[in-house]
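Architecture at a glance
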Amino acid sequence: MQDLLYFFQQLINGLTIGSTYALIAIGYTMVYGIIGMINFAHGEIYMIGAYTALIAITGLAALGIAWLPVILIVALVCAMIVSSSMGWAVERVAYRPVRGRHRLIPLISAIGMSIFLQNYVHLAQGSRNIGFPALIEGGFRFGSADSFQTSISYMQITIFITTLVCMTLLSLFISRSRIGRACRAVSQDLGMANLLGIDTNRIISATFIIGAALAAVAGLLLGMYYGSIDPLFGFIAGLKAFTAAVLGGIGSIPGAMLGGLILGVAESMTSGYLSGEYKDVVSFGLLILILLFKPTGLLGKPEVEKI
Amino acid sequence: METTVKKLVTAVSASVALMGAGHAAAEIKIGVAGPITGQVAQYGDMQFSGARMAIEQINAAGGVNGEMLEAVEVDDACDPKQAVTVANRLVNEGVRFVVGHLCSSSTQPASDIYEDEGILMVTPASTSPDITERGYELVFRTIGLDSVQGPVAGNYIASLNPERVAIVHDKQQYGEGIATAVRDTLKDAGVEVALFEGITAGDMDFSSLVTKLKQADVDYVYYGGYDPELGLILRQSRQAELDAVFMGPEGVGNKNINTIAGDAAEGLLVTLPPAFDKKAENQELVKAFQDKGEDPSGPFVLTSYTAVQLIAEGIEQAESTDPFDVAASLRSNSFNTPIGTVEYDEKGDMKSFEFVVYEWHSDGSKTPVN
């Protein structure tokens, strides 16, 4: 019984961290699906989302507003607006001018953008960790009090539900709305979509904006969950999320969700049953194995050579 | 147009060269190398504040054998690669004495360069035993070793008769080194070490580790590493209601841990150098720091101050600014400093340096426990 509770606890830990990987992975996978480039600055957009949310929360506290729903909604909206504008601006400044060139050029431009944003926040906000208030506290417990108890915090539940809601809304948006249909058309054939009268530049901008908005949601959630942020925390999260996107099949939205959850659970199970030292060895080993046997990732479609 | 620019450039470089020459004649350059940016910049602040004060006071008192000290401050960000870059920069600047570096993993590669180039280095903060194990002639420190700090922590935990202890470290030279020393001490004392595990520095999620600690039902957790990770571990342990006492080395003992962990930092045990700023004979110096609006209570402020003072007194006693003469004078004399009487052994370690166990509080203050 105790072993089972332990297993469930590790599963919950893994699913929580996996959901946040998935939220960030969306930004990588959508951009790749549409213009076939890897936006390495996406982790920084997520970090900027977390900083904006913190600034908004601090500002509200200074104004004396203490009602939780208001704080959360205002922080979320501010973070989404700032991150989306950043996402849009990054595409406009660093990617659009080099679009259609050799694949390496946008990639290098993205890495440059990532380093630029990281250092910009270093300078603007200082390089130290900044505390993030835990706004949602408490949780449920299972199991008897004198032995091992499985606990789920309200924060973990919030993360999990928010991710599910965002993913569902995004899937509906892509499959039902006009812009979503245009997105799919652009991802199938950019040139043809252009010929048929779709404003592809607008669609590509929209993709960056949506990805950045979801990264901002993840930024706020993870800031509250971990309680501290620093200018580098987007880099590592971005790397993991990118791995999740590749694992699930880059370009596929359900793939990002699946990849995120698998990566999160693999990490927590490795730390839980083997040793934390092997966490990255196992999760990246898993990635290599999957790519060896299924190069397009778990849910990725085999790429059809465009003529 | 082109010729004007050329003339200008020549004129400027000539005057720069002249200025440089002018300075070199009357000044002794002291390189101060530590993190100004990066994850552990708050320790760098302590180091720079201590070194600046010492240089200021020595110059105000007439300098060293009539020559003024001049600080050359460089930022290694606690990154070994950057440490090598800035060490080379100090070499190019003609610096012959260095106070630094802070992180053991930076001090180690930088000290190779200093030794090769004949530069004397005094680190005010690096505690890894390896640094002085290589038979270098010009490497000194004004702080104790992990091999001293580890046993202090291990013996303290053992004296509390714990049932099970877990040891976690960040897999870096400093963290793993000290964690190993603690483990060995505990084993010698017959205490069961239920878990010895590394984490990845820079990670944010330690929920799996915390769950494991809870399952192992440990009553003490020793963490070898720095405050950003321990802060998160403390906070996540509090959320998971892990009922264990945490202990860490001086790398976790700063107010940043309160920013991250909040109330969860209450009751954390930390081994630190004794509070030199509380000693009666240092009160005048403490007041000088306070007058400048600086806080002398950080663990590396007065060790840095001492590092500069030792270099200055070494030069005075050797009556030479040759680093090898100064090194010989440091080894053969005894110095009266704010951190007590300093005498060096052959390796460049202080003959005695003690660590004290403190209990940390959620407001960032600390009280000694023994």
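What you see is a predicted model, and the numbers here were worked out from it, not measured in a lab.

Residue and element names in this part refer to chain A. Assigned domains of chain A: these are domain 1 (38–128 + 153–240) and domain 2 (248–307). Summarising the inter-unit geometry, the C-alpha centres of domain 1 and domain 2 are found 22 Å apart. Facing 10 residues of domain 1, the contacting portion of domain 2 comprises eight residues. Across the interface of domain 1 and domain 2, roughly 730 Å² is buried in total on both sides, 76% from carbon and sulfur atoms. In this structure, the connection of domain 1 to domain 2 is made through two salt bridges. Residue aspartate 280 is joined to lysine 240 by a salt bridge in which the shortest nitrogen-to-oxygen separation is 3.4 Å. For the interface between domain 1 and domain 2, the tally reads two residue pairs in polar contact (both at pLDDT 80 or more). With seven residues, the single largest contributor to the side of domain 1 that touches domain 2 is helix 5 (residues 154–176).

Residue and element names in this part refer to chain B. Taken together, the five strands give an open sheet; going across it, the order is 2-1-3-4-5, and neighbouring strands pair in parallel fashion. The open sheet has two edge strands, strand 2 (68–75) and strand 5 (139–141), and neither has a second partner. Neighbour-to-neighbour, the strand axes of this sheet turn through a mean angle of 25 degrees, independent of strand direction. Relative to strand 2, strand 1 (residues 27–34) is paired through eight bridges, and the arrangement is parallel. Across the sheet, residue lysine 29 finds its bridge partner in strand 2, namely glutamate 70. Packed onto the sheet, helix 4 (residues 104–117) meets strand 1, strand 3 (97–100), strand 4 (120–123) and strand 5 and runs at close to 160 degrees relative to strand 4.

The subject of this paragraph is the domain arrangement of chain B. Residues and elements named next belong to chain B. With domains assigned, chain B is organised as domain 1 (2–144 + 279–338) and domain 2 (147–272 + 356–368). Between the C-alpha centres of domain 1 and domain 2 the distance comes to 32 Å. Taking both sides of the interface into account, the surface hidden between domain 1 and domain 2 amounts to around 1200 Å²; carbon and sulfur atoms contribute 49%. If you sort the residues of domain 1 by the area they bury against domain 2, Gln42, Tyr43 and Thr127 come out on top, with a joint share of 33%. For the pair domain 1 and domain 2, the number of links is zero salt bridges. Across the contact surface, domain 1 and domain 2 share eight residue pairs in polar contact (both at pLDDT 80 or more). At the level of elements, helix 2 (41–60) and helix 4 are the ones that each hand at least two residues to the side of domain 1 that touches domain 2.

With that out of the way, let us pick up the pattern of salt bridges. Evaluation of the coordinates by the stated rule reveals 20 salt bridges over all chains. A salt bridge links arginine 183 of chain B to aspartate 184 of chain B, with the shortest nitrogen-to-oxygen separation between them at 3.7 Å. Judged by its relative accessible area of 36%, aspartate 184 of chain B falls in the partly exposed class. Salt bridges linked by common partners bring Glu91, Arg96 and Arg99 of chain A together as one network.

Between chain B and chain A, the contact holds 32 residues from the first and 37 residues from the second. Broken down residue by residue, the surface that chain B buries against chain A is led by Met204, Gln215 and Arg235 of chain B, which jointly contribute 20%. Linking chain B with chain A are two salt bridges. With a shortest N-O distance of 3.3 Å, glutamate 241 of chain B and arginine 141 of chain A are connected by a salt bridge.

Attention shifts here to the pairing of strand 3 of chain B. Residue and element names in this part refer to chain B. Neither face of strand 3 is open: one carries Phe97 and Val99, the other Val98 and Gly100, and all of them are buried. Sheet topology places strand 1 next to strand 3; four bridges connect them, and they run parallel. Within strand 3, the position partnered with alanine 33 by the bridge is glycine 100. Relative to strand 4, strand 3 runs parallel, the two being bridged by three bridges. Considered in strand 4, the bridge of valine 99 is made with valine 122.

All names here are of chain B. Spatially, the seven strands line up as an open sheet ordered 7-6-8-9-10-13-14, and their pairing is mixed. Each having just a single partner strand, strand 7 (193–198) and strand 14 (366–368) make up the two edges of the open sheet. Neighbour-to-neighbour, the strand axes of this sheet turn through a mean angle of 25 degrees, independent of strand direction. By the bridge criterion, five bridges tie strand 6 (residues 165–169) to strand 8 (residues 220–224) in an arrangement that is parallel. Paired with isoleucine 167 across the bridge in strand 8 is tyrosine 222. Relative to strand 6, helix 6 (residues 173–188) is tilted by about 160 degrees, and along the sheet it contacts strand 6, strand 7 and strand 8. Where helix 8 (residues 227–239) meets the sheet, its contacts fall on strand 8 and strand 9 (245–248), and the angle it forms with strand 9 comes to roughly 180 degrees.

Analysis parameters
Residues numbered from 1 in each chain as written. Chains lettered and ligands numbered in written order. Predicted model: local features only at pLDDT ≥ 70, side-chain atom pairs only at ≥ 80, totals over all residues. Heavy atoms only, no water. Domains from an automatic or database assignment. Contact = heavy atoms within 4.5 Å. Buried area = accessible area lost by both parts, 1.4 Å probe. Salt bridge = Lys/Arg side-chain N within 4 Å of Asp/Glu carboxyl O. Polar contact = N/O pair within 3.5 Å; in protein donor to acceptor, adjacent residues only side chain to side chain. Helix = DSSP H or I, 4+ residues; strand = E, 2+ residues; numbered from the N terminus. Pairing = 2+ DSSP bridges. Axes fitted to C-alpha atoms, helices over the stretch in contact; angles between N-to-C directions. Buried < 20%, exposed > 50% of the residue type's maximum accessible area, 1.4 Å probe, protein only.

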